[in-house]
Amino acid sequence: MTDFSARRRSGADPRKSQQKLVCAGGGGGGCPCCGGTDTLRALCLSGCSSRSASCARCCPCTMVRQVLMAPRRTPPTTGEGGQALALPRERVKAMFYHAYDSYLENAFPYDELRPLTCDGHDTWGSFSLTLIDALDTLLILGNVSEFQRVVEVLQDNVDFDIDVNASVFETNIRVVGGLLSAHLLSKKAGVEVEAGWPCSGPLLRMAEEAARKLLPEFNKAIRNYTRFGDWYLWVQMYKGTVSMPVFQSLEAYWPGLQSLIGDIDNAMKTFLNYYTVWKQFGGLPEFYNIPQGYTVEKREGYPLRPELIESAMYLYRATGDPTLLELGRDAVESIEKISKVECGFATIKDLRDHKLDNRMESFFLAETVKYLYLLFDPTNFIHNNGSTFDAVMTPYGECILGAGGYIFNTEAHPIDPAALHCCQRLKEEQGEVEDLMREFYSLKRSRSRFQKKTMSSGPWEPPAGPGTLSSPENHNEAGEKKPPKQKISLLSCPSQPFTSKLALLGQVFLDSS
């Protein structure tokens, strides 16, 4: 068993510095919904006794109105605004280490922690899943030494050559994605990388091994569930139709996606709708019946999902609107108040009464905490705008990495898209291949013309010069007429779907080029 006793810990408990609220109708300074004792709005909102009414009406805090009416501004990086983000940032860091340390002490090498019984269990295979999922979060929080140690632990202990039932989707986004991201971040974390990085490396080889194990089942899944003739369609997995007027918590990523295409106004409207649901329960239920304004039976839980926090991070980067920071603070307060236990953070089984379930999903460390931290850390390297970068020599020449533009996979593992370009052959080498292909086709046409000439010149005679292009045995066969072959242009490709034409060598083409 690996010794994890020397992990980096956070500093003083940030909860000692909480500020009091002033709420409308609350008299001296507390919140009328919960007796004036809680210190931040999330506690106030989650303490409403009337569960059928929106807590936005139940608890009309002055701060709520001030936040919703505040003008948009650029996210602060330094000065008073930046210092205001330090407290929630440190609280998020403390949340991470409480959960991470509990996993290492009670659950490793199992996949996930069971926080109520302080032990572990395998869930999506048997790959120490939480350790892989949390690896890049360690670097984002600045813990270089633990990142380096975990890289060694994974190389020594994780084996994909085992016979287990594994989820194709979950293993792809959590294991393959986590290893790819950690591989690309290794140099930034001070790991000694091998020659040829980022195009080679132990974590990359592990990711490839895991991906190859998944390929047969991945293809099988597509054929069984989404193939229709020669088409592959998006379908509702179980019924195929939209049948219920519900909001699902997984849909909360949508405002963030809207912000990435510049649809800010609609993104904020959608986000505030989802935020109202959060304020009603202190979290997002898995299903929410919109006409009834309440949870759906057997879908009342909140497994500490990240999607709404993810949208808040993207929208805050785009707008600087302090409403997004309020959601982050609410999330920290709600999760700590409702979900925190001695051995980590437990899934909320029922948001109506805050009963807990004995599970801590690995995505809590991979996604939820990561997005929370990035929301409050505007100067993190993930937010790089290209002002700094690393020049790296690869087998194919020099390339630029770490300049920003990171793409998060479904499990929030950041991938540097520049690495795709780094590990492709240089254009000059591609040109050499094209020249060789042209030479090949040119030689083939020359041979064809020479064969036709010898067939029309009478009896067969060996051609002069070195090499033989024909023989007496196949002369008669060659003389038979064959149907003309369809002419194709040099270096042509078979017809491709529209989506394939959009992506070529890591570039996006929006015109006919």
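Conventions used here
- Residues numbered from 1 in each chain as written.
- Predicted model: local features only at pLDDT ≥ 70, side-chain atom pairs only at ≥ 80, totals over all residues.
- Heavy atoms only, no water.
- UniProt positions renumbered as here; feature names shortened; annotations may be inferred.
- Helix = DSSP H or I, 4+ residues; strand = E, 2+ residues; numbered from the N terminus.
- Buried < 20%, exposed > 50% of the residue type's maximum accessible area, 1.4 Å probe, protein only.
- Contact = heavy atoms within 4.5 Å.
- Disulfide = S-S within 2.5 Å.
- Phe/Tyr/Trp six-rings, centres within 6.5 Å; stacked < 30°, edge-to-face > 60°.
- Lys NZ or Arg CZ within 6 Å of the ring centre and 35° of its normal.
- 1 Å grid on protein atoms, 1.4 Å probe; cavity = no way out; pocket = protein on both sides within 12 Å on 5 of 7 lines; lining within 4 Å.
- Points joined across faces, edges and corners; volume = space filled by probe spheres on them.
- Nonpolar A, V, L, I, M, F, W, Y, C, P; charged D, E, K, R; others polar.

The name an unreviewed UniProt entry gives the protein is alpha-1,2-Mannosidase, with Heterocephalus glaber as the organism. According to the UniProt record, the Subcellular location (unreviewed entry) comment for the protein is "Endoplasmic reticulum". As its UniProt record puts it under Sequence similarities (unreviewed entry), the protein is described as follows: "Belongs to the glycosyl hydrolase 47 family."

Draft legend 1. Seen up close, the side chain of Thr 295. By secondary structure assignment, the location of Thr 295 is in strand E7 (residues 294-295). For Thr 295, a relative accessible area of 8% translates into the label buried. Not counting residues within four places of it along the chain, the set of residues in contact with Thr 295 comprises Phe 281, Pro 285, Phe 287, Tyr 288, Glu 300 and Arg 352.

Draft legend 2. Representation of the state of the cysteines in the model. Evaluated as defined, the whole model comprises three disulfides. The residue that forms a disulfide with Cys 118 is Cys 343, at a sulfur-sulfur distance of 2.0 Å. Judged by the sign of its S-S torsion, about 95 degrees, the bond between Cys 118 and Cys 343 is right-handed. Taken together, the residues span a long stretch of sequence, with Cys 118 in the loop between strand E1 (112-114) and strand E2 (119-121) and Cys 343 in the loop between strand E8 (340-341) and strand E9 (344-345) at a distance of 225 residues. Relative accessible area serves as the criterion here: at 6%, Cys 343 is assigned to the buried category.

Draft legend 3. A look at the packing of aromatic side chains. Counted under the stated rule, the structure contains 13 aromatic pairs. On the basis of an interplanar angle of 75 degrees and a centroid distance of 6.2 Å, the ring pair of Phe 281 and Tyr 288 is categorised as edge-to-face. Taken as a pair, Phe 281 and Tyr 288 share a single burial class, namely buried. Where Phe 281 meets Tyr 294, the ring centres are 5.6 Å apart and the plane angle is 55 degrees; that geometry is what we call tilted. In this pair, Phe 281 sits in helix H10 (residues 264-281) while Tyr 294 sits in strand E7, placing the two residues 13 residues apart along the sequence. When its relative accessible area of 0% is taken as the criterion, Phe 281 is described as buried. Using a relative accessible area of 24% as the deciding quantity, one classes Tyr 294 as partly exposed. Connected via pairs of aromatic rings, a cluster forms that spans Phe 96, Tyr 97 and Tyr 100. Directly above the aromatic system of Tyr 275 lies the positively charged group of Lys 279, at a separation of 5.1 Å from the ring centroid.

Draft legend 4. Main features of the UniProt feature "binding site: Ca(2+)" (unreviewed entry) in the protein. UniProt's feature table lists "binding site: Ca(2+)" (unreviewed entry) at Thr 410, given in the numbering used throughout. The topology assignment puts Thr 410 in the loop between strand E14 (407-408) and strand E15 (414-415). Those residues within four positions of Thr 410 in sequence are excluded, and the remaining contacts are Phe 169, Ile 173 and Glu 367.

Draft legend 5. Expanded view of empty space enclosed by the protein. Scanning the entire structure with this criterion turns up three cavities of 30 Å³ or more. Lining the largest cavity we find Leu 184, Leu 185, Lys 187, Lys 188, Trp 197, Asp 390, Val 392, Leu 401, Gly 402, Tyr 406 and Asp 416. Put simply, the parts of the chain that give the lining of the largest cavity at least two residues each are helix H7 (168-185) and strand E12 (390-394). The class makeup of the residues in the lining of the largest cavity is six nonpolar, one polar and four charged.

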